[in-house]
Amino acid sequence: LTVDAVGATLALRLPESAIISDEMVSAGAVVVPCLLRAAPHDRLPVTGGSIGQGLPVAVGAACACPGRKVIALEADGSGMYTLQALWTMVRENLDVVTVIFANRRYQILEIEMQRTGAAAFGNAANESIDIGRPPLDWVRLAAGMGMPASRAATGAEFDAQFRRAMEERGPRLIEASLA
């Protein structure tokens with residue numbers, strides 16, 4: 001599964017008047033241009049300087065606009081900061097579909113390092129941005145909060161799961177296991 005495939009599905013399947021809570025940080029450069037082809041929607045982007053705002057922003061949007069589908073586009077690292085928001089989504093039966101961009105790294109730190117002109121991280125720094133050991137299992141984390149969840153490892157799987165999530169009401173999580 002690639003970020004390009006996720007972006008293409010979002011552009012195709014996003015319902016009109018949806019609200020996107022965007023904290024997909026490192027995937028944004030690819031996905032945001034795809035959203036220009038999507039049905040009219042509102043996008044609440046990450047404000048910068050904070051980590052973990054995406055899931056709580058999705059909760060707030062769903063509470064404020066209960067008749068609109070909310071999609072939380074969330075990076076796996078930043079999602080770990082406010083994981084408990086999934087429980088609130090379930091408890092309040094909020095119509096939020098959470099897509100976790102699971103690349104198993106604090107990839108934004110890698111991007112910022114490249115922006116400084118540095119060639120690469122040293123071993124110790126590289127270890128600190130690797131969040132794949134132990135591997136995060138977002139399907140099980142969501143299930144522990146009472147939320148239905150699935151994992152997509154291909155573009156076809158993601159498309160089918162996201163399409164189904166747009167047709168149903170209530171909280172749901174899709175772990176987009178990125179290649």
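Bear in mind the structure is a predicted one, so any value in this text is a computation, not a measurement.

About the criteria used
- Residues numbered from 1 in each chain as written.
- Predicted model: local features only at pLDDT ≥ 70, side-chain atom pairs only at ≥ 80, totals over all residues.
- Heavy atoms only, no water.
- Helix = DSSP H or I, 4+ residues; strand = E, 2+ residues; numbered from the N terminus.
- Buried < 20%, exposed > 50% of the residue type's maximum accessible area, 1.4 Å probe, protein only.
- Contact = heavy atoms within 4.5 Å.
- Pairing = 2+ DSSP bridges.
- Right-handed = clockwise from strand over helix to strand, strands pointing away.

S.K.: Teacher, can you tell me more about the side chain of threonine 82 here?
M.R.: Within the secondary structure layout, threonine 82 lies in the loop between helix H4 (76–79) and helix H5 (85–91). Judged by relative accessible area, threonine 82 falls into the buried class, the value being 13%. Leave out the neighbours within four places in its chain, and threonine 82 touches Gly52, Leu55 and Pro56.

S.K.: So what exactly am I meant to see when it comes to the environment of alanine 72 here?
M.R.: Tracing the backbone shows alanine 72 in strand S3 (residues 70–75). Spatially, the C-alpha atom of alanine 72 lies 6.9 Å from that of valine 96, the residues being 24 residues apart in sequence. Excluding residues that lie within four positions of it along the chain, alanine 72 makes contacts with Ser21, Leu55, Ala58, Val96, Val97, Thr98 and Val99.

S.K.: Would you mind showing me how to read the pairing of strand S2 (residues 41–45) here?
M.R.: The side chains of a regular strand alternate between the sheet's two faces. In this sheet, S2 lies alongside strand S1 (residues 18–23) in parallel orientation, the contact comprising 5 bridges. Bridging from a neighbouring strand, isoleucine 20 pairs with arginine 43 of S2. The β-α-β motif built from S1, the intervening helix H2 (residues 28–35) and the parallel element S2 has right-handed crossover chirality.

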